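Architecture at a glance
As a plain string of letters, each chain reads:
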Amino acid sequence: MNTLTALLASGGPAQEAPARQMMAFTLGYHILLVPFGVALPFITLVMHHRALRKNDPVALLLARRWSAVMAVQFAVGIVTGTVLTFEFGLLWPKMMGTWGDVFGLGFGVEAWAFFLEAVLIAIYLYGWRRLKPWTHFWLAAPLPFTALMGAFGIIGANSWMNTPQGFTLDSSGKPVNVTVQQAIFTPMFGPEYWHFVAAMFLTAGYVVAGVYAVGWLRGRRDRYHKLGFCVPFTLAAILTPVQFFLGDNIARQIYHKQPEKFAAAEIVWNTGTHVPEYLFGRLQSDGSVKGGLKIPDLDSFLAGFSAKTQVTGLTSVPADDRPTTAEATLVHFTFDIMALIGSVLIPLALWYAVYWWRRRDLPRTRWFFRCAALAGVASWITVECGWITTEVGRQPWIVYQYMRVSDAVTPTKASSLWTTFAIIVVVYLLLGGAFVGVLRMMSRRWRRADLGLARRTDEGPETDTPYGPRPEPAAVAPGSSGASGSSALPPDPGTGPTRGGTQ
Amino acid sequence: MTAGVVAWILLVAVAAYACGGGVDYGAGFWDLVAGGTQRGERPRWLIDHAMEPVWEVNNVWLIFVFILMWTGFPVFFEAVFSAMWLPLALAAVGLVLRGAGFALRKPTTRLARRRLYGAVFAVSSLVTPFFLGAAIGGVASGRAAPGVTASAEVWANSSSVIAGLLAVAATAFLGAVFLTADARRFDAPDLEKYFRLRSWCALVVVGVLALIGLGTTHRHSSYVYHGLTHGLGLLLVLLSLVAALATAGLVVGKAGWARFTSVAAVALVIFAWGTAQRPYLVPTSLTVQQAAGATRPLQWLILVFLIAIVLVGPPLFLLYRLDTRGLLEAQTEADVEGGSTHPDTPST
Ligand code: HDD
Ligand code: HEM
Ligand code: HEM
């Protein structure tokens, strides 16, 4: 945290530091949930489909439980996402004021996609009991596509900030002649979108599988855990090598389209050929590198398949137009961690694939499940690393080469920002604790049910999750408050405290 | 022309949020004032069960409002968020607390903790509409002009405070009317009476605040005052009044219909406000045309919204349809516990 503060104290207005930290914190938090927003509906539907096709009660139970988890996760995703929307105005009003019309459309697409997703999720979550099984399934089938649409909007906006285009500046510096197609399909859009989508499915797959891997390690080796492990893990394992190529591709794209970001990610100081690759290592302010493992020529080779490839260095632009050395070191570390984890996951996927191909079964050794459980956490870390690479690597620009972060920041006093930031941190920690608490309680209750134990009385029907399983008589249907159809009986007026205040 | 259309869409989104979100906030408001654990048990029970599980849909309306603002009228967005920084920041915190409180209360078993989370939820249901209303008041009174930076006068003035209170009162009104209808549906006559009385009270408070509000707009923002008391603006205000009075009558016996008239009353006031400040976004300093972003994105924005209506409309209709037919029902404990002992568990 201290180094981060030092890192951020880069001479901008006083509000810049709290604004950046707040953005980084809230986004970093939100994106932990995003893999599930994007991919959990898909994974659940795959399981659901299997349940219906093979008439498999175990698969059905898994799908039902995952949809209960989805309900809670979706709620937290919404809350944290709404805060981000506020922050565009609260932290970066000048950015939106200047460029909102150029790149805001993507958010319009995203918002409608979420609307559709919210409606379909409501139907899916509340359709389990009364809808015909296949009707229920097919009504939810568009969910993965709405998630992809939502991601389209967000990544469109983010890639525009990285490689802005689709406008010309008039004499006063105001963007005019906006062409929407160009502003959405920016050079970084394609590489970023596919790398991102693969990352989301991969992460959701490894995390969900990780839950069952832990169960397996604790000795719960039944069909339920096997199925819960195999479906998401297979998906993630297939995507792992794909993601390696997509990652290699996006790295080469930033080499072409955002050379300073590439230079930061690879800590290249001076432009030149035969550039070495550093694994880790810290960039010093004189351009030397401390620590790390140096591999001669490799960076040039990776960028252009030849040691003679010229790589642009950080010093090719003035010091205030590029990330600081501390920022470059951070970007370099996060980039290396991402690439490292991305590479290490490949042997894990291969292990699984080969064993399955030879024996039609899961590997027996506990080490496999230990690694699988770690893969979930590792891919979460990788997602954070990827976003730090993208966002910090773009510094000091908020709109690459058009607007600086320091010019976009709100004129509100730094002290107000720090206070709000502190409140947000506290509230988010509570929210996160509660979220984890709810998930653990659900899982504990299910485990007890699986063991055939009676429900503990103090966790009676009151302990329903907000959107998930509800107590039997209290069926609440979605819809506008009150327009809901299904009814429930109120507690007997004779026994309850009937009279409200004014009567 | 294009900008005008987008401005109307923006107003529709504001009205949709005021009504959809308003019902939600209102339920939270009545939760807050329902009294002690004993006394408030039954009203809270109803509120819990009427609180829709898809409040995220209502949240999306607020997101639309912001997106329409920054894509359609970037300068306006910048001005509002710079001048109204504090109320908007507090509204954002309120929204998180509300979501957190709501998500936490249900699964918590211990009474003390439930009460704490319930209080967080209820208080933030009051605070959030207040600050959003205050921000609107700042816009309507012309204080959120471009170039104005955040300071206490900008929002802590009579028109913002009145607008904030009015927003709270309006949500209380909507909430009470909808809860009356729910009580009827759940066949709980005592609660029906309880919330009917409260809808009347809330309506009276709204009326009083509206009169005070008109008084303050008269002094501080005569432009909006003029618009509200003449021509189309006046007509909409009167229609809203009719709808509000109709609601007061309908809550006796026909609470189902009262829901529609109460929504109409709130939406009409918002349209009246929009009409009254034509052609300005921020009265007398920023017009719709001046604030409008580039034309192509605006046209695309309209197109995206048309496509979206086609895409979202049918599923939304389906949702309500399945819902009113009683085909949507939450999974039970037994369903997810796989006990399958429950008679209702479908044999899929
Ligand atoms: C599990 C997730 C995951 C995995 C295994 C990888 N990545 Fe990644 N990466 C992401 C998850 C991610 C991400 C979080 O999704 C990012 C952030 C922005 C984006 O679009 O994707 C990202 C961004 C990102 C960027 C920055 C793009 C930009 O600035 O716009 C680069 C250069 C790479 N990645 C390169 C790689 C390489 C060379 C990998 C080698 C295997 C790799 N990634 C694996
Ligand atoms: C649209 C999608 C966006 C995504 C997915 C995204 C993602 C992220 C992430 C993950 C971080 C954390 C980096 C870190 O930990 O340091 C971050 C930081 C940041 N983002 Fe973005 N961002 C987006 C849009 C924006 C926008 C619109 C702005 C400003 C208007 C912005 C400005 C910043 C700033 C200033 C930081 C802090 C950088 C730092 O810590 O040095 N980002 N963003
Ligand atoms: C597709 C999966 C995602 C889900 C389910 C999700 C969830 C949400 C939700 C519910 C909102 C509130 C606004 C709304 O309803 O439109 C939101 C907004 C936002 N999300 Fe996410 N998010 C997703 C993808 C992402 C990604 C990948 C990032 C980047 C790290 C991100 C960053 C943001 C930002 C910057 C906003 C504010 C802008 C806006 O509201 O349009 N989101 N998100």
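The model shown is predicted, which means the values in this text are computed figures rather than measured ones. Counting restarts for each chain: residues are numbered from 1 in the order of the written sequence. Key to labels: chains lettered from A, ligands numbered from 1, both in the order written. In view of the model being predicted, local features appear only for residues whose pLDDT reaches at least 70, and side-chain atom pairs are presented and counted only at 80 or more, with totals across whole chains, interfaces and linings using the full set of residues. Hydrogens are left out, water is left out, and the side-chain values use all remaining heavy atoms of the structure.

Turning to the overall build of chain B, a few remarks are in order. Looking only at helices and strands, one finds 15 helices and two strands in chain B. Looking at the 348 residues of chain B, the share that counts as buried comes to 61%. Sequence-distant contacts, at least 24 apart, represent 76% of the contacts inside chain B between residues at least 6 apart. For accessible areas, the Shrake-Rupley method is used with a probe of radius 1.4 Å. Any residue's cover is judged against the shown protein chains and nothing else. With the model as given, the accessible surface of chain B reaches about 13000 Å², and the carbon-plus-sulfur share is 71%. Strands are runs of DSSP state E lasting at least 2 residues, helices are runs of H or I lasting at least 4, and numbering of each runs from the N terminus. When accessible area is computed with a 1.4 Å probe and restricted to protein chains, residues below 20% of their type maximum are described as buried, those above 50% as exposed, and intermediate ones as partly exposed. Contacts are assigned to residue pairs with any non-hydrogen atoms lying within 4.5 Å of each other.

For the rest of this paragraph, the subject is the overall build of chain A. When helices and strands are tallied, chain A shows 16 helices and eight strands. Scored against the burial criterion, the 503 residues of chain A give a buried share of 60%. Partitioning the contacts of chain A with sequence separation of at least 6, the portion at a separation of at least 24 is 74%. When the accessible surface of chain A is split by element, carbon and sulfur atoms take 65% of a total near 19800 Å².

A few words now on the site of ligand 1. Residues and elements named next belong to chain A. Contacts to ligand 1 come from 25 residues, most closely from Glu192, His195, Lys261, Met338 and Val383. Backbone polar atom of Glu192 to an oxygen atom of ligand 1: 3.5 Å apart, as the coordinates give it. Separating an oxygen atom of ligand 1 from a side-chain N or O atom of Lys261 is a distance of 2.6 Å. At the level of elements, α9 (189-217), α10 (223-257), α13 (325-359) and α14 (366-393) are the ones that each hand at least two residues to the shell around ligand 1. Think of it this way: one heavy atom of a residue within 4 Å of a molecule or strand is enough to make that residue near it. Contacts described as polar in this section are N or O atom pairs within 3.5 Å, which, within protein, must combine one atom able to donate a hydrogen with one able to accept it, while residues neighboring in sequence count only if both atoms come from side chains.

Protein coordination of the iron atom of ligand 3 is limited to a single donor, His30 of chain A (NE2), positioned at 2.1 Å. Note on placement: His30 of chain A falls in helix α2 (residues 16-54). Each metal's donors are the N, O and S atoms within 2.8 Å of it, or within 3.2 Å when it is Na, K or Ca, and because water is not part of the set, sites may look incomplete.

What follows covers the packing of α13 of chain A against α14 of chain A. Residues and elements named next belong to chain A. Contact pair α13 / α14: the axes reach a minimum separation of 8 Å and the direction vectors enclose 150 degrees. Relative to α14, the element α13 lies roughly antiparallel. When the axes of α13 and α14 are compared, the crossing they make is left-handed. Under the convention adopted here, Pro, Cys and the residues Ala, Val, Leu, Ile, Met, Phe, Trp and Tyr are nonpolar, Asp, Glu, Lys and Arg are charged, and Gly plus all remaining residues are polar. Broken down by class, the residue content of the contact of α13 with α14 amounts to 20 nonpolar, five polar and one charged. To get an axis, fit a line to the C-alpha atoms, keeping to the stretch in contact for a helix; angles then go from 0 to 180 degrees between the N-to-C directions. Angle categories are assigned with fixed cut-offs, so that under 35 degrees is roughly parallel, over 145 is roughly antiparallel, 65 to 115 is roughly perpendicular, and the rest are oblique. Working rule for handedness: look at the near helix, and if it is turned counterclockwise from the far one by less than a right angle, call the crossing left-handed; if clockwise, right-handed.

Turning next to the pattern of salt bridges. Any carboxyl oxygen of Asp or Glu within 4 Å of a side-chain nitrogen of Lys or Arg constitutes a salt bridge here. Tallied over the full model, the rule gives seven salt bridges over all chains. The shortest N-O distance in the salt bridge between Arg20 of chain A and Glu327 of chain A comes to 2.9 Å. With a gap of 307 residues between them, Arg20 of chain A in helix α2 and Glu327 of chain A in helix α13 connect regions that are remote in the sequence. Glu327 of chain A sits in the buried class, given a relative accessible area of 3%. One salt bridge in this structure joins Arg196 of chain B and Glu192 of chain B, with 3.4 Å as the shortest N-O distance.

Once that is clear, we can look at the site of ligand 2. Residue and element names in this part refer to chain A. Close contacts around ligand 2 come from 19 residues, with Arg20, Phe88, Met95, Trp387 and Glu391 the closest. In this structure, Glu391 approaches ligand 2 through a side-chain N or O atom, which is 2.9 Å from a nitrogen atom. When residues in the shell around ligand 2 are grouped by element, the largest group, five residues, is from α2. Here the residues of the shell around ligand 2 are counted per class, giving 14 nonpolar, two polar and three charged.

Let us now look at the nonpolar core. Definition used in this section: a nonpolar core is a set of buried Ala, Val, Leu, Ile, Met, Phe, Trp, Tyr and Cys residues joined via side-chain atoms within 4.5 Å. Counting 226 residues, the largest nonpolar core has Phe86, Trp92, Met95, Phe229 and Phe233 of chain A together with Phe73 and Phe76 of chain B as the members making the most contacts within it. Ranked by residue count, the leading element in this core is helix α3 (residues 57-91) of chain A, at 20 residues. When near neighbours in sequence (up to four residues on either side) are disregarded, Phe76 of chain B contacts Leu10, Met69, Val139, Leu281, Val282, Leu286 and Ala291 of chain B. The next biggest cluster of nonpolar side chains, apart from the first, holds 24 residues, and it includes Phe262, Trp269, Tyr278 and Ala328 of chain A.

Residue and element names in this part refer to chain A. Coordination of the iron atom of ligand 1 by the protein comes from His195 (NE2) and Met338 (SD), over a distance range of 2.0 to 2.3 Å. Any site counts as irregular unless it has four donors with all angles between 85 and 135 degrees, making it tetrahedral, or four or six donors with opposite ones more than 155 degrees apart and the rest between 65 and 115, making it square planar or octahedral. Note that the iron atom of ligand 1 binds six donor atoms; their angles at the metal cover 82 to 179 degrees, and the shape is octahedral. Note that His195 is positioned in helix α9 and Met338 in helix α13, a separation of 143 residues in sequence. In this structure, His195 and Met338 share a single accessibility class: buried.

Next up on the list: a positive patch on the surface. Residue and element names in this part refer to chain A. Only residues whose relative accessible area exceeds 30% and that take part in no salt bridge are eligible for patches, with like-charged residues grouped when within 9 Å of each other and nonpolar side chains (Val, Leu, Ile, Met, Phe, Trp, Tyr) grouped when within 5 Å. In this charge count, Lys and Arg are treated as positive and Asp and Glu as negative; neither His nor the chain ends contribute. Positions of charges follow a simple convention, taking NZ of Lys, CZ of Arg, CG of Asp or CD of Glu. A cluster of basic residues, Arg218, Arg440, Arg444 and Arg447, forms a positive patch on the protein surface. Of note, Arg218 is situated in the loop between α9 and α10. Overall, Arg218 belongs to the exposed group, its relative accessible area being 60%.

Attention now moves to a nonpolar patch on the surface. On the surface, Leu234, Leu238, Leu241 and Leu245 of chain B cluster together into a nonpolar patch covering about 360 Å² of accessible area. Of note, Leu234 of chain B is situated in helix α11 (residues 231-250).

The phi angle of most residues is negative, glycine excepted, and most peptide bonds adopt the trans form. Residues and elements named next belong to chain A. In this chain, Gln395 is followed by Pro396 through a cis amide linkage whose omega measures 0 degrees. Mapped onto the fold, Pro396 is located in the loop between α14 and β7 (397-399). Not every positive phi belongs to a glycine, and Asn55 is a case in point at roughly 50 degrees. As for its position among the elements, Asn55 is in the loop between α2 and α3. Overall, the relative accessible area of 59% leaves Asn55 in the exposed class. The residue Gln401 is not glycine, and still its phi comes out positive at about 65 degrees. Turning to its location among the elements, Gln401 is positioned in the loop between β7 and β8 (403-404).

Let us look at the confidence of the model for chain B. All names here are of chain B. Chain-level pLDDT for chain B is 77 on average; 81% of the residues reach the 70-or-more range. As a per-residue quantity, pLDDT reports the predictor's confidence and falls between 0 and 100. Confidence drops under a pLDDT of 50 for residues 339-348, and excluding neighbours within four residues, the segment shows 20 contacts in the predicted structure. Model confidence for the complex: the whole-complex pTM is 0.83, and ipTM, which rates the interface, is 0.82.

As a further point, take α9 of chain A. Owing to its 3.6 residues per turn, the α-helix aligns residues three or four sequence positions apart on the same side. Expected helix span is computed as 1.5 Å times (number of residues minus one). An ideal rise of 1.5 Å per residue puts 42 Å on 29 residues; α9 of chain A measures up with 41 Å between its terminal C-alpha atoms. At the exit of α9 of chain A stands Gly219 of chain A, carrying a positive phi of roughly 95 degrees.

What follows is about the environment of Gly313 of chain B. In this structure, Gly313 of chain B sits in helix α14 (residues 295-324). In this structure, the C-alpha to C-alpha distance between Gly313 of chain B and Leu132 of chain B, residues 181 residues apart in sequence, is 27 Å.

By definition, a disulfide links two cysteine residues through a covalent bond between their sulfur atoms. All names here are of chain A. Disulfide: a pair of cysteine sulfur atoms within 2.5 Å of each other. Under the defined criterion, the tally for this structure stands at zero disulfides over all chains. Looking at the unpaired Cys230, the closest cysteine sulfur is the one in Cys371, lying at 16 Å. For Cys385, which is in no disulfide, the shortest distance to another cysteine sulfur is to Cys371 and amounts to 19 Å. Given the relative accessible area of 7%, Cys385 is considered buried.

Our next topic: the packing of aromatic side chains. Paired rings are identified among Phe, Tyr and Trp, the last through its six-membered ring, by centres lying within 6.5 Å, and are further divided according to the angle between planes into stacked (under 30 degrees), edge-to-face (over 60) and tilted (the rest). Tallied over the full model, the rule gives 61 aromatic pairs over all chains. Between the aromatic rings of Phe25 of chain A and Phe421 of chain A, the centroid separation amounts to 6.0 Å while the plane-to-plane angle is 70 degrees, which identifies the pairing as edge-to-face. Pair noted here: Phe25 of chain A is in helix α2 and Phe421 of chain A is in helix α16 (residues 414-450), with a separation of 396 residues, a long-range link. Between Phe280 of chain A and Phe333 of chain A the ring centres are 5.2 Å apart and the planes differ by 55 degrees, which places this aromatic pair in the tilted class. Residue Phe280 of chain A is found in the loop between β3 (277-279) and β4 (282-283), and its partner Phe333 of chain A is found in helix α13; the two are separated by 53 residues along the sequence. Of the aromatic side chains, those joined through ring pairs into one cluster are Phe86, Phe88, Trp99, Phe103, Phe107, Trp160, Phe167 and Tyr402 of chain A together with Phe66, Trp70, Phe77 and Phe81 of chain B. Only lysine NZ and arginine CZ atoms are considered, and such an atom sits over a ring when it is within 6 Å of the ring centre and within 35 degrees of the ring normal. Its guanidinium or amino end placed over the ring of Trp367 of chain A, Arg370 of chain A lies 4.6 Å from that ring's centre, counting from NZ or CZ. Across from the ring centre of Tyr194 of chain B, 3.6 Å away, lies the NZ or CZ of Arg198 of chain B, which sits over that ring.

As a note on interpretation, predicted positions should not be read in detail where pLDDT is low. All names here are of chain A. Per-residue confidence for chain A gives a mean pLDDT of 78, with 87% of residues at or over 70. Mean pLDDT across the secondary structure elements of chain A bottoms out at helix α1 (residues 2-8), with 48, and peaks at α9, with 90. Across residues 454-503, where pLDDT falls below 50, the model places 149 contacts with residues more than four positions away in sequence or in other chains.

Time to look at the environment of Trp397 of chain A. Residues and elements named next belong to chain A. Looking at the secondary structure, you find Trp397 in strand β7. The class for Trp397 is buried, based on a relative accessible area of 10%. Separated by 37 residues in sequence, Trp397 and Ala434 have C-alpha atoms that sit 36 Å apart.

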